[in-house]
Amino acid sequence: MPNNQNDKLPHPNLQGGRPSRFALVFFVVTAVLFTAYFFRGEGRSSAKPIRYSDFLRYVEQNQVESVTIHDNNSVDIFLKGNTGSAGIPMKTLIPYQDPGLMGVLREKNINVSGAVSGISPWRVILEFLPWFIGFGFIWFMFRNMQGSGNKAFQFGKSRAKRYQDEGKKITFNDVAGQRDAKYELEEVVAFLKNPQKFTKMGARIPKGVLLVGMPGTGKTLMARAVAGEAGVAFFHMSGSDFVEMFVGVGASRVRDLFEQGRRSAPCIIFIDELDAVGRTRGAGYGGGHDEREQTLNQLLVEMDGFDSKDGVIILAATNRPDVLDPALLRPGRFDRQVVVAMPDIKEREAILNIHAAKIPLGKDIDLSRVARASPGMSGADIANLVNEAALFAARKDKAEVGMPDFEEARDKILMGVARTTLVISDKERRMTAIHEAGHALLHYYLKNADPLHKVTVVPHGRSLGMAMSLPEEDAYSRTRGWIEDRIVICYGGWIAERLFYNETTTGTKQDIQQATDMARHMVCEWGMAEELGPVAYGQEDEPIFLGKEIARHKDYSEDTARRIDKAVTEILNRARDLAQGILESHREGLEKLADALIAKETLVDDEVRAILGLPPRTDSAAAPAAGLKS
Ligand code: ADP
Ligand code: MG
Ligand code: ZN
C-alpha cells in the first residue's frame, strides 16, 4: 500500500491519462474516416439516381437540357425548365461503352460537358485508410506490451522529469534523523547555492555522490531534499528507465539527460536505482547485456565529460553497492558515498513525528512507544504505518487516530513483513541480543582489537543485528595480532549463543565464513602460519565470464593442502577457545549487555562501558580524527 502520495515522486512514466487521450483521438479519427467512406459521393450531388434506360428515354423525349459526364462512366442530368421534373438533378451510370451516345446527345442539341474527378484529398485518405488502421493497431500493441507511456516512439529522449519549485519544496526538515548523511550533503548544497565561492578557492567538488542504503530508508527523499535546500532544478530518472527494448536507446537517453542538465545548471541529476544500469560489466553468461553495457559506458563517458564547476552534481541511489561496476566508483565519478542508514529507535520516533503531524492524533497516542514497538522498520515502513493507522481509524468512523489503530496497523505490517523476511519474535530478539552482545563484549577484552563503535539489534540487511568497530585511524595494512583478534570477535556471537541456549542459529553463518576466510588468507597469502612460512599458496584469478566469482587455482600438492587445512583449523580453534574463555568469565556482563540491547536497541561505546563497569574512554582515544593527535 503506497503511503502518502504527496511524498512520492510521481514516476515519470505515469503521466496521468496520456495513453487514454491518445486512444480517444485515434478512435475519433477512425470513426470520422469510416463515416466519410460510407457516405462518399453523397456530398457531390444530392441527385436522384435513375436507370440508364430512363435517361435515354428523357433524351429521346427532348426533356434534357444539359449533362455532365464524369470520367466516362457517370452522368449528371439536368432536365429542361418546362418539364414536370424540372429542377431535380438526376444522375445515372453508363453501364457499357456506348459509342452512339455522343451522336444522340448532339442530335438533340444537349449541352455536354465533361469532368474529371481527379485526386481529391478524401480519396487519398480513403486509399490509405486500411494502412492507417493497420499501423494504428500495431502501435497499440507496442504500447501495451511496454505497459505504459509512449516509450516506443520517444526513443532517445531521456524523459527525465524535472522538478523545480513545484508545489511544496522538500527540505532537510522533511527528513528525520540521518544526521550523518545530511552533514555530508550539506557541502553539496552549499556548493550548488554558490559554486563560485568554491571554485575560487580551487576546491574540488565531488561530481557524483552515491546514496547507499536499504530500500525505504529515504534515499530518494534525501536527494529531493538536497535539491530543495539548494533551490536548484532536479532531474530525476530511474536506472531502469535507461534499460529498454531497443538497442542504443539507453545510451542516447543518458546523453540527453546530461544535455538537459548542462543547459539548466546549477542543477542536480538524480539517477535512482543505479544498479539497474551500473552492474559489473561482463558479469553475465553469454550475451544479452550489450544494451546495458552501452548505457553504462555512456554514463561513464558523460561523467568524465563535464566538470562539477559547471554547477551540475550527480546524485545516485542504490541498495546494492556491491554489484556496481568498479569503474563507477573511481575518482571523478561517484567517488563519494553517503550511507543512508536504517533508523534506530530515536530516529523512528522522529520519522513518526513528521508523518503523524499530517493526521489528527488522539490523546492516548504515545509515539515513543510506537517507535519502540517497531524494530526493523524503515522510514518508508513507518510512513506506511501511520497511513495504515489512519485508514483503520477512518474505517471505524473515528475522528482521531488512537493507539489501538497503531497497534493494528503495526500487526498488519509486521505480518506482511514477516512473509518476506522479518518476523522478530521476543525469543528471536533475545537471541540476537545475546549474539551481538557476545561480539561487542570481546572488543573490550582483546589487546589488538579496534574499539567498539556501536552495537545494535536493529536488523540490517540479512543480519538481525551488528556490532561495529571503529578503527582509531585509517589502516592500510593489518598486523597478525589484529587479525587474530578479529577472528575471535567473529566467534563471539556463536559462543554466546551456545553459552546461553546450548544451541546456535543460522545467524552465525556470516561470522563463521568471515573467520574462516581470514584464517585461510593468513595461511595462504599473508605468510602468518609458522609451519608453512611466507609462501603464497594458490592463485586467484578472475575469469571474465564468471563475473565476480573467484576461482582458486590449486598449485600445491595434496600434502601441502592437508598442512594448510591443519594450520587454518588451528588458528580457528585457538580463536574459539579464547572467545570462549573471555565470554565465560564475563557471563554476567554479557547478560546485562543483552538486556540493555533489548531495551534500547542500539548502544554506543560509552554506554557499553558503563554497563560493563569499565572507565570511560579518554578523550584522545575517543577522537578518531588523526588530525587531533600530534
Ligand atoms: P528509498 O528511495 O531509500 O527506497 P524513499 O526515499 O522512497 O526510500 O522513502 C520512501 C518514503 O519513506 C518517503 O517518501 C518518506 O515518506 C518516508 N521516509 C523514509 N525515510 C524518512 C525519513 N528519514 N524521514 C521522513 N520520512 C521518511
Ligand atoms: Mg527510492
Ligand atoms: Zn554475528
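Fair warning: this is a prediction, and the values are worked out from it, not measured in the lab.

The rules behind each value
- Residues numbered from 1 in each chain as written.
- Chains lettered and ligands numbered in written order.
- Predicted model: local features only at pLDDT ≥ 70, side-chain atom pairs only at ≥ 80, totals over all residues.
- Heavy atoms only, no water.
- Helix = DSSP H or I, 4+ residues; strand = E, 2+ residues; numbered from the N terminus.
- Buried < 20%, exposed > 50% of the residue type's maximum accessible area, 1.4 Å probe, protein only.
- Contact = heavy atoms within 4.5 Å.
- Areas by Shrake-Rupley, 256 points an atom, 1.4 Å probe, with all protein chains shown as cover.
- Pairing = 2+ DSSP bridges.
- Axes fitted to C-alpha atoms, helices over the stretch in contact; angles between N-to-C directions.
- Donors = N, O, S within 2.8 Å, 3.2 Å for Na, K, Ca; no water.
- Near = heavy atom within 4 Å.
- Polar contact = N/O pair within 3.5 Å; in protein donor to acceptor, adjacent residues only side chain to side chain.
- Nonpolar A, V, L, I, M, F, W, Y, C, P; charged D, E, K, R; others polar.
- Domains from an automatic or database assignment.
- pLDDT = per-residue confidence, 0-100.
- Phe/Tyr/Trp six-rings, centres within 6.5 Å; stacked < 30°, edge-to-face > 60°.
- Lys NZ or Arg CZ within 6 Å of the ring centre and 35° of its normal.
- Expected span 1.5 Å × (residues − 1).
- Bend = angle between axes of the 7 residues up to and from the residue.
- Salt bridge = Lys/Arg side-chain N within 4 Å of Asp/Glu carboxyl O.

Moving on: the overall build of the protein. The helix and strand tally for the protein stands at 22 helices and 16 strands. Residues classed as buried in the protein amount to 43% of the 630 residues present. For the protein, restricting intrachain contacts to residue pairs at least 6 apart in sequence, the fraction spanning at least 24 positions comes to 73%. Carbon together with sulfur atoms contributes 54% to the accessible area of the protein, which is approximately 34000 Å² in total.

Moving on, we get to the sheet that holds strand β5 (residues 111-115). The sheet built from five strands is open, its strands ordered β1-β4-β3-β2-β5 with mixed pairing. Pairing within the sheet leaves two strands with one partner each, and these edge strands are β1 (48-49) and β5. In terms of strand pairing, strand β3 (residues 74-79) meets strand β4 (residues 90-93) through four bridges, oriented antiparallel. Within β4, the residue paired with Val75 across the bridge is Thr92. Taken strand by strand, helix α2 (residues 52-60) contacts β2 (64-70), β3 and β4, and its axis lies near 120° from that of β4.

Inspection of the secondary structure assignment puts Ile269 in strand β9 (residues 267-272). A residue is classified by how much of its surface remains accessible, and Ile269, at 0% relative accessible area, is buried. The spacing of Ile269 and Phe235 is 34 residues in sequence and 4.7 Å in space, taken between C-alpha atoms. Ignoring sequence-local partners within four residues, the contact set of Ile269 consists of Phe235, Leu257, Phe258, Gly261, Val312, Ile313, Ile314 and Leu315.

Our next topic: the coordination of the zinc ion (ligand 3). Protein coordination at the zinc ion (ligand 3): the donors are His435 (NE2), His439 (NE2) and Asp511 (OD), at 2.0 to 2.1 Å from the metal. One chain supplies every donor to the zinc ion (ligand 3), and in sequence these donors are spaced H-x3-H-x71-D. Taken together, the residues span about one helical turn, with His435 and His439 both in helix α16 (residues 426-442) at a distance of four residues. The exposure class assigned to His435 is buried, which follows from its relative accessible area of 5%.

What follows deals with the site of ligand 1. Of all residues adjacent to ligand 1, which total 17 residues, the nearest are Ala176, Gly216, Lys219, Thr220 and Leu221. One of the backbone nitrogen or oxygen atoms of Leu221 is found 2.9 Å away from an oxygen atom of ligand 1. At a separation of 3.3 Å, an oxygen atom of ligand 1 approaches a polar backbone atom of Ala380. Taken by itself ligand 1 offers 560 Å² of open surface, and the protein chains cover 91% of this. At the level of secondary structure, the elements contributing two or more residues to the shell around ligand 1 comprise α7 (219-230), α12 (345-356) and α14 (379-395). Its residues assigned to classes, the shell around ligand 1 shows eight nonpolar, six polar and three charged. Counting the residues that make up the shell around ligand 1, at least three belong to each of domain 2 (161-339) and domain 3 (358-415).

Another point: the confidence of the model for the protein. With 78% of its residues at a pLDDT of 70 or more, the protein shows a mean pLDDT of 79. In the model, residues 619-630 has pLDDT below 50 throughout and makes 10 contacts with residues more than four positions away in sequence or in other chains.

It is worth spelling out the packing of aromatic side chains at this point. Centre-to-centre distance and the angle between the planes together describe a pair of aromatic rings. Enumeration according to the criterion identifies six aromatic pairs in this entry. For the ring pair Tyr52 and Phe55, a centre distance of 5.9 Å and an interplane angle of 45° mean the geometry is tilted. Within this pair, Tyr52 and its partner Phe55 are both found in helix α2, separated by three residues, close to a single helical turn. Overall, the relative accessible area of 8% leaves Tyr52 in the buried class. Relative to Phe198, the ring of Phe191 lies with its centre 5.8 Å away and its plane at 80°, an arrangement referred to as edge-to-face. Both residues of the pair, Phe191 and Phe198, belong to the buried class. Three or more aromatic residues joined by ring pairs form one cluster here, namely Tyr52, Phe55 and Tyr96. Its guanidinium or amino end placed over the ring of Trp482, Arg478 lies 3.9 Å from that ring's centre, counting from NZ or CZ.

With that settled, the discussion passes to the sheet that holds strand β16 (residues 602-604). Reading across the sheet, the three strands line up as β13-β12-β16 and stay open at both edges, with antiparallel pairing between neighbours. Each having just a single partner strand, β13 (466-469) and β16 make up the two edges of the open sheet. Across the sheet, the axes of successive neighbouring strands diverge by a mean angle of 10°, strand direction being ignored. Sheet topology note: the strand β12 (residues 452-456)/β13 ladder contains four bridges and is antiparallel. Residue pairing across strands places Val455 opposite Ala467, the latter belonging to β13.

Below, the discussion takes up helix α18 (residues 509-524). The end-to-end C-alpha distance of α18 is 22 Å, a good match for the 22 Å that 16 residues give at a rise of 1.5 Å each. Among all positions in α18, only Asp511, Ala515, Met518, Ala519, Met522, Val523 and Cys524 are buried.

Turning to helix α17 (residues 480-501), a few remarks are in order. In this model α17 runs 32 Å from its N-terminal to its C-terminal C-alpha over 22 residues, within 8% of the 32 Å that 1.5 Å per residue would give. At Gly492, α17 shows its largest bend, some 35°. Along α17, 18 of the 22 residues are buried, which leaves the element largely enclosed by surrounding structure. Just past α17, the residue Asn502 takes up positive phi, approximately 60°.

Here we take up the pattern of salt bridges. Any two side chains of opposite charge can pair if their charged atoms end up close together. Per the counting criterion, the structure on display carries 19 salt bridges. Across the pair Arg262 and Glu302 runs a salt bridge, and its minimum N-O distance is 3.1 Å. Highlighted residues: Arg262 in helix α9 (residues 249-263) and Glu302 in helix α11 (residues 290-304), separated in sequence by 40 residues. Glu302 gets classed as buried once you look at its relative accessible area, which sits at 9%. The salt bridge involving Asp565 is made with Arg520; its shortest N-O contact spans 2.8 Å. On the criterion of sequence distance, the pair formed by Asp565 in helix α19 (residues 558-585) and Arg520 in helix α18 is long-range, its members being 45 residues apart. Owing to a relative accessible area of 37%, Asp565 belongs among the partly exposed residues under this scheme.

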